[in-house]
Amino acid sequence: MRVRLDVPRDFSFRRTVNSHGWCDLVPFVPAHADASLATVVALPGGGARRIVLREDDGVVLESEGVADAATRRFVIAAGRRVLALDVDIAPFHEAVRRDPRYRWIAGTRSGRLLRGPSAWEDVVKLVLTTNCSWAFTKKMTAALVERYGEEAYDGARSFPTPERMARVTEAEFRDVVRAGYRSPYLVALSRAVATGEADPASWDTDPREASALRKDIVRLPGVGPYVAENLLKFIGKPDGLALDSAIRAGYAERYHGGRKIKDATIAKRLAPLGRWGGLALWF
């Protein structure tokens, strides 16, 4: 199948693909020169399909083989979610245009964050970024995909579904995935989503304010403020700065000569941007 996706005027393919490290985590495979991005999407009835998103006077989605109507709709929705095409960043651009420090963000059509085909994938990957190096995050993610992902026609694997991860024991998460202290959280999180107790897929269209949604997200096993605040940025409802050691160090290096500073100092500098401060900080 091949279909052209409608894109908003403020969209940049390259800026979205490279907005953060997701493009380096399997099953994503970026192309040279940022011309395309491939991933593998788990299908509702089992199995998976590889999709390729290409910049071509907008965006073209390609997936080998014939797809029935339901599969076609699902794959298109997954492709649009990956590139955050339905996230409205116009209010963000309006805010940064008023600040000379950050107006370049709007000028380069930055602001969208690359996402997984499902919110579930984003939740788990963010949990795997906590209290460890990026190299270790990549290893844990690769182990999940290789061992538990749904298989596509060409042998490539998707990110595992919550139903599949719900069948994995805590010991296996520790010994095979090397998830360490995250292991019991992965068990509880996957079971909560698999049974319908939690529904990350609903967040994309949840009409509530970010503060209310944030309260629900932080109740999930293994999800603290850092993970929740990043998830809210993903869906275009930022709430909080999502500070971690890397962000703190980068900010201190850029603005304070590497001198350690308080979080309150960062918050004060970003206060004029209101709820968009955390997203501006990332870029």
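Residues numbered from 1 in each chain as written. Predicted model: local features only at pLDDT ≥ 70, side-chain atom pairs only at ≥ 80, totals over all residues. Heavy atoms only, no water.

Re the environment of V218
What counts, and what does not: The helix and strand labels rest on DSSP assignments: H or I over at least four residues marks a helix, E over at least two residues marks a strand, and numbering proceeds from the N terminus. Residue contacts are defined here by distance: any two heavy atoms, one from each residue, within 4.5 Å place the two residues in contact.
Residue placement: V218 occurs in the loop between helix 10 (210-217) and helix 11 (225-234). On a C-alpha basis, the gap between V218 and A228 in space is 6.0 Å, while along the polypeptide they are 10 residues apart. In contact with V218, not counting residues within four places along its chain, are V223, G224, P225 and A228.

Concerning the pairing of strand 4 (residues 48-55)
The line we're drawing: The rule for pairing is simple: two strands pair if DSSP sees at least two bridges between them.
Pairing of strand 3 (residues 36-42) with strand 4 involves 7 bridges; the strand directions are antiparallel. By the bridge assignment, A42 is partnered in strand 4 with A48. In this antiparallel pair of consecutive strands, strand 3 and strand 4, the connection spans 5 residues, and G46 shows a positive phi of 105°. Between strand 4 and strand 5 (residues 59-62), which follow one another and run antiparallel, lie 3 residues, and D57 among them has a positive phi close to 50°.

Some remarks on the packing of aromatic side chains
The geometry of an aromatic ring pair comes down to the distance between the two centres and the angle between the two planes. Here is the rule: Between the rings of Phe, Tyr and Trp (Trp by its six-membered ring), a pair exists once the centres lie within 6.5 Å; its type follows the angle of the planes, with under 30 degrees stacked, over 60 edge-to-face, and the other angles tilted. For every residue, the accessible area obtained with a 1.4 Å probe (protein chains only) is divided by the maximum for its type, and the residue is called buried under 20%, exposed over 50%, and partly exposed between those limits.
Scanning the entire structure with this criterion turns up 5 aromatic pairs. A ring pair is formed by W22 and F234, whose centres lie 5.8 Å apart and whose planes are at 85°; its orientation type is edge-to-face. Here the residue W22 occupies a position in the loop between helix 1 (13-17) and strand 2 (29-30), and F234 occupies one in helix 11, the gap between them amounting to 212 residues. For the pair W22 and F234, a shared accessibility class is recorded, and that class is buried.

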